[in-house]
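Here is what each chain is made of, one letter per residue.
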Amino acid sequence: YDHGIFRSEDLGETWVNVQNAMSPTCFAKIDSVLFCGSGLGIHRSFDSGLTWTRIQMPYTQVNSLAVYNNILFIATNSGVYYSVDQGEQWNEMNQGFIGIPLVTSLMINNDILYAATKHYSVWQRSLPEILSTDDLSAEKFMLGQNYPNPVLRLTKIDFGLPKATHVRLTVYNM
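Residues numbered from 1 in each chain as written. Predicted model: local features only at pLDDT ≥ 70, side-chain atom pairs only at ≥ 80, totals over all residues. Heavy atoms only, no water.

Our next topic: unusual backbone geometry. Backbone geometry places Asn-69, a non-glycine residue, at a positive phi of 50°. Along the chain, Asn-69 turns up in the loop between strand S7 (62-68) and strand S8 (71-76). Even without glycine at this site, Asn-70 takes up a positive phi of about 65°. With respect to the helices and strands, the residue Asn-70 is situated in the loop between S7 and S8. (Helix = DSSP H or I, 4+ residues; strand = E, 2+ residues; numbered from the N terminus.)

Take a look at the structure:
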């Protein structure tokens, strides 16, 4: 049988293999970015699944993905990790587990993250309690004055964030 990631542009009539180097175990989406977990790690696509790039992460085997407030969570054979910047950097989130957890599945419901382990246990944590305010707030950003001012046909606006991430800047004419 064929394996990999297949894509259809005609509501499933035909399928094209766009990535045959991995066998997907799970998918997630944040905004327009797709994520695919597999035994080879996690891959990301910015073009609706046409091309996939492997993301560097702390552990190779990805068993499950979940998304909460644009934060990506992964279940691995060494616990739970999360990324606030679409996979650029990873944070370990294994407080409360006994030993090294082999996490097989994730689910988020009402701000609670549930993690099922291979050893027939379910771990649960309140996400607002364990995610630091630095992960969830935008207090450490810089927005510069536009140039030229007043705005002509084109304008330039400098901005800075505490770490690299994808942003959307909306300018209103008031």
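Strand pairing within a sheet occurs via backbone hydrogen bonds; the two strands may be parallel or antiparallel. In space, the 3 strands of this open sheet follow the order S11-S12-S13, with antiparallel pairing throughout. Only two strands of the sheet have a single neighbouring strand rather than two, namely strand S11 (103-109) and strand S13 (122-126). In this sheet, adjacent strand axes meet at a mean angle of 20° when their direction is disregarded. Pairing of strand S12 (residues 112-117) with S13 involves 5 bridges; the strand directions are antiparallel. By the bridge assignment, Tyr-114 is partnered in S13 with Gln-124. (Pairing = 2+ DSSP bridges. Axes fitted to C-alpha atoms, helices over the stretch in contact; angles between N-to-C directions.)

Moving on: a nonpolar patch on the surface. A cluster of nonpolar residues, Leu-143, Phe-159, Val-167, Leu-169 and Val-171, forms a patch on the protein surface that exposes about 480 Å² of accessible area. With respect to the helices, strands and loops of the structure, Val-171 is situated in the segment after strand S15 (159-160). Using a relative accessible area of 57% as the deciding quantity, one classes Val-171 as exposed. (Patch = residues over 30% accessible without salt bridge, like charges linked within 9 Å, V, L, I, M, F, W, Y side chains within 5 Å. Areas by Shrake-Rupley, 256 points an atom, 1.4 Å probe, with all protein chains shown as cover. Salt bridge = Lys/Arg side-chain N within 4 Å of Asp/Glu carboxyl O. Buried < 20%, exposed > 50% of the residue type's maximum accessible area, 1.4 Å probe, protein only.)

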